[in-house]
Amino acid sequence: MSGLATASDRVARVPNAVPSWGSGPEGTNGGSGIVNVASVPQRSPFRYPGGKTWLVPHIRRWLKSRPRRPQELIEPFAGGAIVGLTAAFEDLVQFVTLVEKDDDVAAVWQSILHPHQGRWLAERIVGFELTPESVRRELGTPRCKLSLRERAFKTLLRNRVQRGGILAAGSGLMKEGENGRGLASRWYPETLRRRIEAIMAIRRKLAFRHDDGMRAIEENVANPEVAFFVDPPYTVAGRRLYTYSETDHPALFRMMARVAGDFLMTYDNTAEIRRLANRHGFEMRLVPMKSTHHAEMTELLIGRDLGWIEAVHRIAVLGTTAPWAEGRGRAGPTAAPAEAGLPFPGRRRSP
Ligand SMILES: C[S@@+](CC[C@H](N)C(=O)[O-])C[C@H]1O[C@@H](n2cnc3c(N)ncnc32)[C@H](O)[C@@H]1O
C-alpha cells in the first residue's frame, strides 16, 4: 500500500481533499476512531487477508442511514464476506448475494449454503484431529480428487494453518503459531462449527454466486433497490494475497458511476484510486484502522454520497434512528460531532 498523499498531491490532484473520518460509531475506540474488532461479532468461517471486520460498525451506519432498508446487498468481491454476513444476520437488508471468483473460496460458500453439505463440513471440522502429519496429508491431496465439500474442508484448513490465512499459491504453513500452539494456533473447530451452523440457519437470506463480481454488478446496474459493497483486491497488496488479484479498476469505477442504487467501496489510499474517484465525482473519506500487525493505518471509503456519515451524526445527536431501523439499536454515537472530532453536518468538504 502506498502511504498518504503528500500535501502537494492532495492540493493538486484531489480537489476535494480527502476529509478524515476522525472518530466513529459504536464499536470504535474513543477519540482514535479505530474500530475495536473485539466488539464486532465474528461471523465468517474464514480469517481473511484484507477482511473488513473493522469496517462493520461503519457498514451498520451506512445501511441504517438509507431512507428505506435496501432490498438486496451484493458483495461482488466477497472473500470472507463479513459485511454480507453482518447485513444478513442483523437484518440490515432483506437479502444478500455474495459473489466470489476463487474456486476454493467458492467451494466453502457453496457447501455451507447447500442444504446438506454444510452439516457435513461442520462435522468434518470437529472430527479432524490436527497434527503436522494429518495436515500434510490433507493439503497434499490433489484438488482433482476432491468433491466440492472436501475441497471446502481443505480450503478452511489451509486458511487456518497457512501464514496470515493466505490462500494464494506460494503461501507457506505457519511455524510458531500463537502461544506455542504451532499449526493448531488458529484452528478452533467448535467455533468454526458454530459459525457454519449459524450461517446455515439464515440460508434463506443468502445466495452465493461463483462468478466474476464485475458481471454481477453489471447485471444489477439499473436496479435502484440493490446496494453494493465493493472491496476488490487492492492495487498493491492484492497480488500476494489472492489467486485473483487483477482488477480493472478504471472499468470498475466506470461501472459504479452507472449503478442506480447506492454503493460503498473500500480501497487503499493511493493516488491512482483518488484520481479515479475524483474523475467520477465520488466522495472519499479516510477511515482509521489497525493492520493485523497492529500498525495504525487508514483506508479509503468511496461512495457517491457519503453525507450519511454526517447525517447519521445529526440523527444520533437528536436521539433518533433511521425510521426503518427503529428498535434495532442506535444509529450512531451519542457524542456530538464536535466532541467526536468530526466535521459538523453541513460542512461537508466535497466538490
Ligand atoms: C479484499 S478481498 C475481499 C475481502 C472481504 N471483504 C472480507 O471481508 O473478507 C477481495 C476478494 O475478491 C476476490 N476476487 C478477485 N477478483 C474477483 C472477481 N473478478 N470477481 C469476484 N471476486 C474476485 C478475491 O479472491 C478476494 O477474495
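The paragraphs below set out a description of the structure included in this document. (Residues numbered from 1 in each chain as written. Predicted model: local features only at pLDDT ≥ 70, side-chain atom pairs only at ≥ 80, totals over all residues.)

**Remarks on the overall build of the protein chain**
- Scanning the protein chain for helices and strands turns up 13 helices and 9 strands.
- Out of the 351 residues belonging to the protein chain, those deemed buried represent 42%.
- Sequence-distant contacts in the protein chain: of pairs separated by 6 or more residues, those separated by 24 or more amount to 68%. (Helix = DSSP H or I, 4+ residues; strand = E, 2+ residues; numbered from the N terminus. Buried ≥ 20, exposed ≤ 12 C-beta atoms within 10 Å, placed from the backbone. Contact = placed C-beta atoms within 7 Å.)

**Side note on unusual backbone geometry**
- Here the phi dihedral of Ala81 falls at roughly 60 degrees; this positive angle occurs in a residue that is not glycine.
- One can find Ala81 in the loop between β3 (72–75) and α3 (82–89).
- The buried category is assigned to Ala81, around which 31 C-beta atoms lie within 10 Å.
- For Asp91, which is not glycine, the phi torsion reads 55 degrees and is therefore positive.
- Among the structural elements, Asp91 can be located in the loop between α3 and β4 (95–100).

**Some thoughts on the environment of Val135**
- Residue position: Val135 is located in helix α6 (residues 132–140).
- C-beta crowding within 10 Å serves as the criterion here: with 20 such atoms nearby, Val135 is assigned to the buried category.
- In the structure, Val135 is positioned 48 residues away from Leu183 in sequence and 8.7 Å away in space, judged by C-alpha atoms.
- Here Val135 is in contact with Leu130, Leu157, Val161 and Leu183, once residues within four sequence places are set aside.

**Brief notes about the nonpolar core**
- The biggest cluster of nonpolar side chains holds 70 residues, and the ones touching the most others in it are Ala87, Leu98, Phe228 and Phe263.
- Of all the elements, helix α4 (residues 103–113) adds the most residues to this core, at 6 residues.
- Once residues within four sequence positions are removed from consideration, Leu98 is found in contact with Glu75, Ala78, Ala81, Gly84, Trp109, Leu206 and Phe208. (Core = buried A, V, L, I, M, F, W, Y, C linked by C-beta atoms within 7 Å.)

**A word on the packing of helix α5 (residues 117–127) against helix α7 (residues 148–161)**
- It is the contact of α5 with α7, at a shortest axis distance of 10 Å, that shows an interaxial angle of 45 degrees. As far as their axial angle goes, α7 and α5 are oblique. Two packed elements cross with a definite hand, and for α5 against α7 that hand is right-handed. Residues Gln117, Trp120, Leu121, Arg124 and Ile125 of α5 pack against Leu148, Arg149, Ala152, Phe153 and Leu156 of α7.
- Considering only residue class, the contact of α5 with α7 consists of 7 nonpolar, 1 polar and 2 charged. (Axes fitted to C-alpha atoms, helices over the stretch in contact; angles between N-to-C directions. Parallel < 35°, antiparallel > 145°, perpendicular 65-115°, else oblique. Left-handed = near helix turned anticlockwise from the far one by under 90°. Nonpolar A, V, L, I, M, F, W, Y, C, P; charged D, E, K, R; others polar.)

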